[in-house]
Amino acid sequence: MKNNRIQFWRIVMTYVIAVYHFNKRYGVYTSGYIAVEFFFMVSGYLLADKYYRTKGSDNSEQLSAIRYVWGRYRKYWPHSAVAFFTAFLAVGVYRGYAIGDYLMGLATHLPELFLVNMLGFRTGGGISYNDITWFLSSLLIVSFLIWLFMKWNDRLYVGIVVPISVVLIYMYLYVRYGTLGVHEQFACLFVEEGVVRGLADMNMGIAAYLISGKTALKRMKMNGIISTVCLLGGGVIMPCFFYHSKWDFLMLLMIFVGVTLAFGCENNGVFDKPLIEKWAGITLAIYLNHEVLTVLVCNYFKESTALVFILWFVLITVYSMIVYAVIRTVIRKAANIGEARGNI
């Protein structure tokens, strides 16, 4: 399902994360990582929407947990792989890798390449070439677990597991860390904190789906305004003033309210623009490629200025547009070739 209000905030939150990493390179620390919660929640919402729309239909049996996640994986992996090899080669050139170093680096980072790095695999000395892939890895793992459980008993999952897991996980993160800005630590055994965090956030997204469908909520005239205030305040403004603090949990709540109301209201002229739809389409490429470009820019320019920021912003946007277009073209041509061979 497409919701241009959500698409607009998808663009904003992607840049919030990118700016967070840009500022961090120059010693400016904010809570921009909180924008990740937005994407987990939206993913949880869309998972629930997909599940309930296919439940009881003719192809509901075909949508197993594996099939659902495989569909997401096929969408993410080409972009992730290109970003991985870009970062991999950049690091190799910077560090003066020999052939053996490249082979060893690739061999020890296969979990990262194939987006299973959040399954508890500690390879490459715990260092990632493109660390931000933790989000996609966690998203795929949690999506598989949620879909699997809901196929077994969706009423039990929605009625009991969702509320209990949300309360317990956020309580655990609040008591142990006092922040949501963790993803690399082990919660227990092979369970990464990023997966735990993603589970709570995606379950919040499922709750948002159930709440946004209420007739009374849809009739609220202030949905759009409240949604904008919550997402702007909790996802953009407040993060500028805090870093790894307990205020993260208030921001989380504001983002939840914003996502719920954004899905609950209709699109309007402000958001219903083709530009928003097209720009939102490259947010995955921006997310996956911004880190390596950020490192290159920050290593070249030792001080952060307005001009450097503008240059960096334009660079990550234009580069991502080009990479997205190339990957999409290659995939489309490969699909056409495969279809042509199948017709022979």
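Because the structure is predicted, anything quoted here is derived from the model rather than measured. (Residues numbered from 1 in each chain as written. Predicted model: local features only at pLDDT ≥ 70, side-chain atom pairs only at ≥ 80, totals over all residues. Heavy atoms only, no water.)

S.K.: Teacher, can you tell me more about the overall build of the protein here?
M.R.: What the protein contains, in helices and strands, is 13 helices and 2 strands. Relative to its full complement of 344 residues, the protein shows a buried share of 49%. Residue pairs in contact within the protein that sit at least 24 positions apart in sequence constitute 76% of those at least 6 positions apart. (Helix = DSSP H or I, 4+ residues; strand = E, 2+ residues; numbered from the N terminus. Buried < 20%, exposed > 50% of the residue type's maximum accessible area, 1.4 Å probe, protein only. Contact = heavy atoms within 4.5 Å.)

S.K.: Looking at this structure, I do not really get the layout of surface pockets. What am I missing?
M.R.: Sizing a probe to match a water molecule and rolling it over the atoms shows the empty space that remains. Space inside the largest pocket adds up to approximately 1100 Å³. Around the largest pocket, the lining comprises 42 residues; the ones closest to its centre are K2, R10, R72, K75 and Y76. Going through the elements one at a time, α1 (4-25), α2 (35-54), α3 (65-95), α6 (133-176), α11 (274-281), α12 (283-300) and α13 (306-342) are the ones with two or more residues in the lining of the largest pocket. If one sorts the elements of the lining of the largest pocket by residue count, α3 sits on top with 10 residues. Here the lining of the largest pocket is composed, by residue class, of 22 nonpolar, 9 polar and 11 charged. (1 Å grid on protein atoms, 1.4 Å probe; cavity = no way out; pocket = protein on both sides within 12 Å on 5 of 7 lines; lining within 4 Å. Points joined across faces, edges and corners; volume = space filled by probe spheres on them. Nonpolar A, V, L, I, M, F, W, Y, C, P; charged D, E, K, R; others polar.)

S.K.: I keep staring at α12 and nothing clicks. Help me out?
M.R.: For an α-helix the count is 3.6 residues per turn, leaving residues at separations of three or four pointing the same way. Between its first and last C-alpha atoms α12 spans 25 Å; for 18 residues at 1.5 Å apiece the expected length is 26 Å, and the two agree. Of all the bends found along α12, the most pronounced is centred on H290 and spans about 45 degrees. (Expected span 1.5 Å × (residues − 1). Bend = angle between axes of the 7 residues up to and from the residue.)

S.K.: In this structure, what is going on with the environment of C298? I would like to understand it.
M.R.: With respect to the secondary-structure elements, C298 resides in helix α12. The class of C298 is buried, set by a relative accessible area of 8%. When the C-alpha positions of C298 and F22 are compared, they lie 7.7 Å apart, and in sequence the two are 276 residues distant. Dropping the residues within four chain positions of it, C298 is found in contact with F22, R25 and Y26.

Any functional reading would require information that these geometric values do not contain.
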